[in-house]
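Notes for the structure review
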Amino acid sequence: MNYKIALIRGDGIGPEVVGEAVKVMEAVGEKFGHSFQFVDVLMGGCAIDAVGKSYPDGTAEKCKSCDAVLLGAVGGPKWGHSTNPDKRPETALLSIRKDLGLYANLRPAALRPALADACPLKKETAEKGIDLMMVRELTGGIYFGKRARYQTEDRGEEASDLMAYSQLEIERIGRRAFELARLRRGKVSSVDKANVLETSRLWRQIMHKLAQEYADVEYEDVLVDNAAMQLVRDPGQFDVVVTENMFGDILSDEASMITGSIGLLPSASIGDTAPGLYEPIHGSAPDIAGQDKANPIATILSVAMMFRYSFQLPDEAAAIECAVDAVLAEGWRTADIAKPGETAVGTQKMGELIRAKL
Ligand code: NAD
């Protein structure tokens with residue numbers, strides 16, 4: 001098969017980590033008989049410098065003409081001060097998610113066996129293993145609701161943010177979660193605050209209907225405060241965790257911390273039609289940009305997610321994941337995951353080692 005992939009290399013360490021991921025993709029192509037056509041798409045701070053806008057006209061169309069999008073990271077202190085949305089790199093991130101209809105954010109949090117001692121939890125908890133998939137609703141809820149600020153007569157200034165969810169929004173993210181669970185260990189934990197919030201009561205009602213439809217999948221409701229606790233007490237109990245936008249924002253960061261390093265974690269944002277967007281969870285790390293110090297593993301594992309979820313190529317995805325684990329098992333580390341006294345390799349060497357394992 002031939003796949004067309006949009007590359008948003010972006011800013012800071014983005015071009016370095018995407019460069020290694022592209023080479024890994026090519027190695028997978030050679031091994032499994034696929035070819036790739038890459039289309040460079042300018043977005044973020046580099047686009048502000050080149051054309052005056054972080055999200056140049058035609059960006060969405062360019063991406064839509066591809067089968068998937070790989071994003072490094074955008075942003076950095078150089079572009080952090082403008083109040084003009086066109087001159088802010090984050091505008092581009094929100095715009096592309098909206099324009100591609102990416103309503104489901106998938107963030108796996110897996111403790112890689114060779115790095116179990118990087119887990120900040122108790123040894124016996126880490127030993128049970130952590131391998132969960134956080135499925136966050138990405139385009140609804142309080143982040144997209146009406147905002148207001150007004151003066152009251154007796155209580156001073158007041159502000160409000162509206163949290164709204166429709167049946168359609170809940171059902172489509174719920175289906176994603178149940179479908180994913182079927183590809184994994186067959187369990188969905190739906191996180192809400194149904195003891196307080198009406199949006200959560202609607203959320204729960206729809207999830208229960210889906211649970212009947214997907215009777216082969218184990219299902220449970222978890223209140224968000226309990227979910228936050230369980231993630232540090234016994235994360236091994238979770239397989240797929242599905243939740244609304246704000247709860248997901250917070251819980252997915254908590255989940256990523258328990259697995260050790262930000263440089264290891266991939267993510268996918270998908271909608272109902274191609275292309276999905278795949279990116280490491282980390283940012284552009286301006287402090288180490290251009291120094292061959294960035295860990296490329298999160299971006300390389302994002303490519304594995306692309307193979308699994310956009311191209312339905314689970315063997316290719318597993319080959320990448322196994323190659324990463326094999327390199328880590330041999331003790332190779334980039335600076336972010338090296339223990340004091342351990343020698344670290346650079347971005348390019350790490351990429352080369354992973355390709356050699358493939
Ligand atoms: P960051 O993730 O860029 O960096 C946080 C820390 O982690 C830094 O010390 C950095 O050196 C380290 N780090 C991050 N990725 C690493 C890697 N692959 N290997 C080794 N170390 C790594 O977060 P930040 O410093 O808060 O943000 C920097 C810039 O990135 C900001 O402009 C922010 O807006 C942007 N950002 C972009 C995205 C995105 O493009 N999706 C996401 C988050 C932040």
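Residues numbered from 1 in each chain as written. Predicted model: local features only at pLDDT ≥ 70, side-chain atom pairs only at ≥ 80, totals over all residues. Heavy atoms only, no water.

Bringing the nonpolar core into the picture now. Counting residues in each nonpolar core, the largest one holds 65 residues, and the members touching the most others are Leu70, Leu106 and Phe307. Summarising the domain contributions, this core has at least three residues from each of domain 1 (1–111 + 261–358) and domain 2 (120–258). When near neighbours in sequence (up to four residues on either side) are disregarded, Leu106 contacts Met133, Met134, Val135, Leu180, Ser267, Ala268, Ile270, Met305 and Tyr309. (Core = buried A, V, L, I, M, F, W, Y, C linked by side-chain atoms within 4.5 Å. Buried < 20%, exposed > 50% of the residue type's maximum accessible area, 1.4 Å probe, protein only. Domains from an automatic or database assignment. Contact = heavy atoms within 4.5 Å.)

In this section: the layout of surface pockets. A volume near 570 Å³ is recorded for the largest pocket. As for the largest pocket, its lining consists of 25 residues, of which Leu93, Arg97, Arg107, Arg136 and Glu279 are closest to the centre. Elements with a minimum of two residues in the lining of the largest pocket: β3 (68–73), α4 (89–99), β4 (104–110), α9 (245–257), β11 (266–270) and β12 (276–280). Broken down by element, the residue count for the lining of the largest pocket peaks at four residues, all from α4. Residues belonging to the lining of the largest pocket are distributed by class as follows: 10 nonpolar, eight polar and seven charged. Two domains share the lining of the largest pocket, each providing at least three of its residues, namely domain 1 (1–111 + 261–358) and domain 2 (120–258). (1 Å grid on protein atoms, 1.4 Å probe; cavity = no way out; pocket = protein on both sides within 12 Å on 5 of 7 lines; lining within 4 Å. Points joined across faces, edges and corners; volume = space filled by probe spheres on them. Helix = DSSP H or I, 4+ residues; strand = E, 2+ residues; numbered from the N terminus. Nonpolar A, V, L, I, M, F, W, Y, C, P; charged D, E, K, R; others polar.)

Here we take up the sheet that holds strand β1 (residues 2–10). Strand order in the open sheet made by the 10 strands is β2-β1-β3-β12-β11-β4-β5-β10-β8-β9, with mixed pairing throughout. In this open sheet, the two edge strands, each paired with only one partner strand, are β2 (35–40) and β9 (218–223). Across the sheet, the mean angle from the axis of one strand to that of its neighbour is 25 degrees, orientation sign disregarded. Summarising the sheet, β4 and β11 pair through three bridges and their orientation is antiparallel. Bridged to Asn105 within β11 is Ser269. (Pairing = 2+ DSSP bridges. Axes fitted to C-alpha atoms, helices over the stretch in contact; angles between N-to-C directions.)

Let us look at the domain arrangement of the protein chain. Here the protein chain is partitioned into domain 1 (1–111 + 261–358) and domain 2 (120–258). Across the contact, 19 residues belong to domain 1 and 21 residues belong to domain 2. For the pair domain 1 and domain 2, the two sides together bury roughly 1,800 Å², of which 60% comes from carbon and sulfur. Applying the counting rule to domain 1 against domain 2 returns two salt bridges. Between Arg107 and Asp253 there is a salt bridge whose closest N-O contact spans 2.9 Å. (Buried area = accessible area lost by both parts, 1.4 Å probe. Salt bridge = Lys/Arg side-chain N within 4 Å of Asp/Glu carboxyl O.)

Looking only at α4, the buried set comprises Pro89, Ala92, Leu93 and Ile96. Each buried residue of α4 sits inside an arc of 100 degrees when the element is viewed along its axis, so together they form one side. In α4, those exposed residues whose orientation departs by more than 90 degrees from the buried face are Leu94 and Lys98. On its buried side, α4 packs onto β1, α2 (45–51), α3 (59–64), β3 and β12. One or two positions beyond α4, positive phi appears at Gly101, with a value near 65 degrees. (Arc of directions from axis to C-beta.)

Another aspect to go through is the site of the ligand. In the vicinity of the ligand, 20 residues are found, and the nearest of them are Val74, Gly283, Ala285, Asp287 and Asn295. Here a nitrogen atom of the ligand and a side-chain polar atom of Glu279 are 3.2 Å apart. Contact distances for the ligand include 2.7 Å between an oxygen atom and a backbone N or O atom of Gly283. Considered on its own, the ligand offers 800 Å² of accessible surface; in the complex 67% of this is hidden by protein. (Near = heavy atom within 4 Å. Polar contact = N/O pair within 3.5 Å; in protein donor to acceptor, adjacent residues only side chain to side chain. Areas by Shrake-Rupley, 256 points an atom, 1.4 Å probe, with all protein chains shown as cover.)

What follows deals with empty space enclosed by the protein. Per the stated rule, a full pass over the model turns up two cavities of 30 Å³ or more. The calculated volume of the largest cavity comes to roughly 50 Å³. Every residue along the wall of the largest cavity is listed here: Met163, Tyr165, Val191, Asp192, Thr199, Ser200, Trp203, Thr243, Glu244 and Phe247. Counting residues per element, the ones that place at least two in the lining of the largest cavity are β8 (187–192) and α7 (198–213). Split into classes, the residues belonging to the lining of the largest cavity amount to five nonpolar, three polar and two charged. Looking at the second largest cavity, its volume works out to about 40 Å³. Split by domain, the residues of the lining of the second largest cavity number at least three in each of domain 1 (1–111 + 261–358) and domain 2 (120–258).

Moving on, we get to the packing of helix α8 (residues 224–233) against α9. Two quantities define a packed helix pair, namely the angle between the helix axes and the distance between the axes. Between α8 and α9, the least distance of the axes is 10 Å, while the angle of their chain directions is 10 degrees. In terms of their interaxial angle, α8 and α9 are classed as roughly parallel. For the pair α8 and α9, the contacting residues are Val224, Ala227, Ala228, Leu231 and Val232 in the first and Phe247, Leu251, Glu254 and Ala255 in the second. Per-class residue counts for the contact of α8 with α9 are eight nonpolar, no polar and one charged. (Parallel < 35°, antiparallel > 145°, perpendicular 65-115°, else oblique.)

Turning our attention to the packing of aromatic side chains. To describe a pair of aromatic rings, one takes the distance between the centres and the angle between the planes. Taken as a whole and assessed by the stated rule, the structure comprises eight aromatic pairs. Ring pairing ties together the aromatic residues Tyr3, Phe36, Phe38, Phe307 and Phe311, which thus form one cluster. Sitting above the plane of the Trp332 ring, Lys349 keeps its charged end 5.7 Å from the centroid. (Phe/Tyr/Trp six-rings, centres within 6.5 Å; stacked < 30°, edge-to-face > 60°. Lys NZ or Arg CZ within 6 Å of the ring centre and 35° of its normal.)

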